[in-house]
Amino acid sequence: MALGLTSVKITLNSCHCGMVLTTLQLPEKCLVMGIVRDNLLILASAEPIIWYGDYVLAIALSQALVPALKVALNKKHPIHYSHKECFIKNLTIRQ
């Protein structure tokens, strides 16, 4: 079985900015592994909120699924929707 590992940088107009990582809608047989933020790996099991500038790491259980996985991870709002700054990045979350 040939696995396909991919990473996608979250942009200002990403549909995923502000979402909990484990709630991403991915193609079948694709899994999210974690995010890289400020040179630190945060595992999906920690259920982090996705920020602008994060790198989402995901794996496809078949190389043939990698293009569909990249399309899902790169989903964006129309450019006129985006703000100049992602408000989530500066948010302090209290648990």
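What counts and what doesn't
Residues numbered from 1 in each chain as written. Predicted model: local features only at pLDDT ≥ 70, side-chain atom pairs only at ≥ 80, totals over all residues. Heavy atoms only, no water. Helix = DSSP H or I, 4+ residues; strand = E, 2+ residues; numbered from the N terminus. Buried < 20%, exposed > 50% of the residue type's maximum accessible area, 1.4 Å probe, protein only. Contact = heavy atoms within 4.5 Å. Areas by Shrake-Rupley, 256 points an atom, 1.4 Å probe, with all protein chains shown as cover. Pairing = 2+ DSSP bridges.

Participant: Where do I start with the overall build of the protein in this structure?
Facilitator: Looking only at helices and strands, the protein has one helix and four strands in total. What you see in the protein, going N to C, is helices and strands ordered as β-β-β-β-α. Within the protein, the fraction of its 95 residues that count as buried is 32%. The contacts in the protein between residues at least 6 apart in sequence include a share of 73% that link residues at least 24 apart. For the protein, the exposed surface amounts to about 6400 Å²; the carbon and sulfur share of it is 59%.

Participant: Looking at this structure, I do not really get the side chain of S14. What am I missing?
Facilitator: If you trace the backbone, S14 turns up in the loop between β1 (4-9) and β2 (30-37). On the accessibility criterion, S14 (5% relative accessible area) is buried. If near-sequence neighbours (up to four positions away) are discounted, S14 is found in contact with K75, K76 and H77.

Participant: Explanation requested: the pairing of strand β3 (residues 40-43) in the structure shown.
Facilitator: Moving residue by residue along a regular strand, the side chains alternate between the two faces of the sheet. Taken together, the four bridges between β2 and β3 define a ladder with antiparallel strand orientation. Looking at β3, one finds that I35 is bridged to I42. The antiparallel pairing of β2 with β3 creates a hairpin that spans two residues between the two strands, and D38 there sits at a positive phi of about 50°.

Participant: Looking at this model, I keep getting lost on the environment of G34. Mind explaining?
Facilitator: You can see G34 is positioned in strand β2. Separated by 13 residues in sequence, G34 and E47 have C-alpha atoms that sit 8.7 Å apart. Not counting residues within four places of it along the chain, the set of residues in contact with G34 comprises L21, I42, L43, A44, Y55, V56 and L57.

Coordinates in, geometry out; function isn't part of it.
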